[in-house]
Amino acid sequence: MKHLKVDGVEIAYLDEGKGPCAILGHCSSASHKEWLPLIETLKADWRVLAPDFIGYGQSDPWPIDKPFSIEADVKVLLALARKTKSRLHLVGHSYGAALALEAARKLGARVKSLTLVEPVSFHLLRIENRPEWKDVEKLGVSVLDPVAKGDDRKAAAAFMGYWLGRWRWWLSPERFKSAIATTIPKVALEFSIAIDAQTTLADYAEIEAPVLLIVGAKTPPPTRAVIELLNGALPNAKVETLKGAGHMSPFTHPAELNQLILDHLAAHR
């Protein structure tokens, strides 16, 4: 792993392979390791940059005395983009996809393609007055209230139970549950995106790069609604649906998901 500093926070990132550059963004409560199967395939012909976002993996936590905003982790992607002078490709899942979407706006013509696996750009539901916003508010309360009371384990159960399903979370190994609980304070900070972000569909419509939007057939309504909104706004977007998959497709359906990503990257290499 290599390291760089972004706003004084040390960020770890993987830098492997040679060729066109693809930057991969992971979901909340994860790290660059989420993408290891894809990285193993890509690195033969691509240069892959895959960070651990702030507070995850080997990267430092966010300073407790500083207010957090989406710009903090977006700057991580922008810093990695400066590692290459060529045009680049952005890939992200969930939180990482929401960050990639924001980074694509700032990078403009430098982005050759964009692959978004269920971006949690939930602020769009609030701005567009979509009924699915109520589900996001409910999830936020179920995570933020326990965190405020110091019960990270309860917050982790609410957060991962929503995305994985209650039974899958309940059956998960204790080690996994403990690891997720340690990341929950950062997850709580990330809810500021849904609360505070002001980027509109019209802003995202400025992205001219070809965009692949990937959604699981069994994903919760809020993420499906975000995909619908983005598909209607982005001028060069298409949607692919993963049969049988929910929100966590990089973990549950990696082969099918990664093939879609590889095909999109190859088409716009």
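Residues numbered from 1 in each chain as written. Predicted model: local features only at pLDDT ≥ 70, side-chain atom pairs only at ≥ 80, totals over all residues. Heavy atoms only, no water.

Description of the overall build of the chain
- When helices and strands are tallied, the chain shows 12 helices and 8 strands.
- Here the chain has a C-alpha radius of gyration of 17 Å; the compact-globule value for 269 residues is 18 Å, and the two agree.
- Dimensions along the principal axes, computed over C-alpha positions, put the chain at roughly 45 × 40 × 35 Å.
- Long-range pairs, those at least 24 residues apart, make up 75% of the contacts in the chain between residues at least 6 apart in sequence.
- Within the structure as shown, the chain displays about 11900 Å² of accessible surface, and the carbon and sulfur contribution to it stands at 53%.
- Distance between charge centroids for the chain: 3 Å, based on 33 positive and 31 negative side chains. (Helix = DSSP H or I, 4+ residues; strand = E, 2+ residues; numbered from the N terminus. Rg over C-alpha atoms; globule rule 2.2 N^0.38 Å. Contact = heavy atoms within 4.5 Å. Areas by Shrake-Rupley, 256 points an atom, 1.4 Å probe, with all protein chains shown as cover. Lys, Arg positive; Asp, Glu negative; His and termini not counted. Charge placed at Lys NZ, Arg CZ, Asp CG, Glu CD.)

Brief notes about a nonpolar patch on the surface
- Together, Trp 167, Trp 170 and Leu 171 make up a nonpolar patch on the protein surface, roughly 460 Å² of accessible area in all.
- Counting through the fold element by element, Trp 167 comes out in helix α7 (residues 166–171).
- What makes Trp 167 exposed here is its relative accessible area of 63%. (Patch = residues over 30% accessible without salt bridge, like charges linked within 9 Å, V, L, I, M, F, W, Y side chains within 5 Å. Salt bridge = Lys/Arg side-chain N within 4 Å of Asp/Glu carboxyl O. Buried < 20%, exposed > 50% of the residue type's maximum accessible area, 1.4 Å probe, protein only.)

A closer look at the packing of helix α5 (residues 133–148) against helix α6 (residues 152–164)
- Contact geometry of α5 with α6 gives a least axis separation of 6 Å together with a crossing angle of 155°. It follows that α5 is roughly antiparallel to α6 by the angle criterion. Seen along the crossing, α5 lies across α6 with a hand that is left-handed. Of the residues in α6, those touching α5 at Asp 135, Leu 139, Ser 142, Val 143, Pro 146 and Val 147 are Asp 152, Lys 154, Ala 155, Ala 158, Phe 159, Tyr 162 and Trp 163.
- For the contact of α5 with α6, the residue count by class is 9 nonpolar, 1 polar and 3 charged. (Axes fitted to C-alpha atoms, helices over the stretch in contact; angles between N-to-C directions. Parallel < 35°, antiparallel > 145°, perpendicular 65-115°, else oblique. Left-handed = near helix turned anticlockwise from the far one by under 90°. Nonpolar A, V, L, I, M, F, W, Y, C, P; charged D, E, K, R; others polar.)

Some words on the sheet that holds strand β3 (residues 21–25)
- Judged by pairing direction, the sheet is mixed, and its 8 strands sit side by side in the order β1-β2-β4-β3-β5-β6-β7-β8 without closing on themselves. Two strands close off the open sheet at either side, each with one partner strand: β1 (2–6) and β8 (237–242). Taken pair by pair, the neighbouring strands of this sheet meet at an average axis angle of 20°, ignoring direction.
- Here strand β7 (residues 211–216) pairs with β8 via 6 bridges, running parallel. Counterpart to Val 215 in the pairing with β8 is Thr 241.
- The strands touched by helix α10 (residues 221–233) are β7 and β8; relative to β7, the strand with the most contacts, the crossing angle is about 155°.
- Packing of helix α12 (residues 254–267) onto the sheet brings it into contact with β5 (88–93), β6 (111–117), β7 and β8, and relative to β6 it is tilted by some 165°. (Pairing = 2+ DSSP bridges.)

A few points about empty space enclosed by the protein
- On inspection of all chains with the given rule, the structure shows 3 cavities of 30 Å³ or more.
- Roughly 180 Å³ of internal volume is contained in the largest cavity.
- Considering the residues around the largest cavity, the lining is formed by 15 residues, among which Ser 28, Val 120, Phe 122, Glu 190 and Phe 191 are closest to the centre.
- Broken down by secondary-structure element, the contributors of at least two residues to the lining of the largest cavity are α3 (95–107), α6 and α8 (174–196).
- When residues of the lining of the largest cavity are assigned to their parent elements, the largest contribution, 5 residues, is made by α8.
- Classifying every residue of the lining of the largest cavity by side-chain character gives 11 nonpolar, 3 polar and 1 charged.
- Considering only enclosed or pocket space, the second largest cavity measures out at about 40 Å³ in volume.
- Taken together, Cys 27, Ser 28, Ser 94, Phe 159, Met 160, Trp 163, His 247 and Met 248 make up the lining of the second largest cavity.
- Residues belonging to the lining of the second largest cavity are distributed by class as follows: 5 nonpolar, 3 polar and no charged. (1 Å grid on protein atoms, 1.4 Å probe; cavity = no way out; pocket = protein on both sides within 12 Å on 5 of 7 lines; lining within 4 Å. Points joined across faces, edges and corners; volume = space filled by probe spheres on them.)

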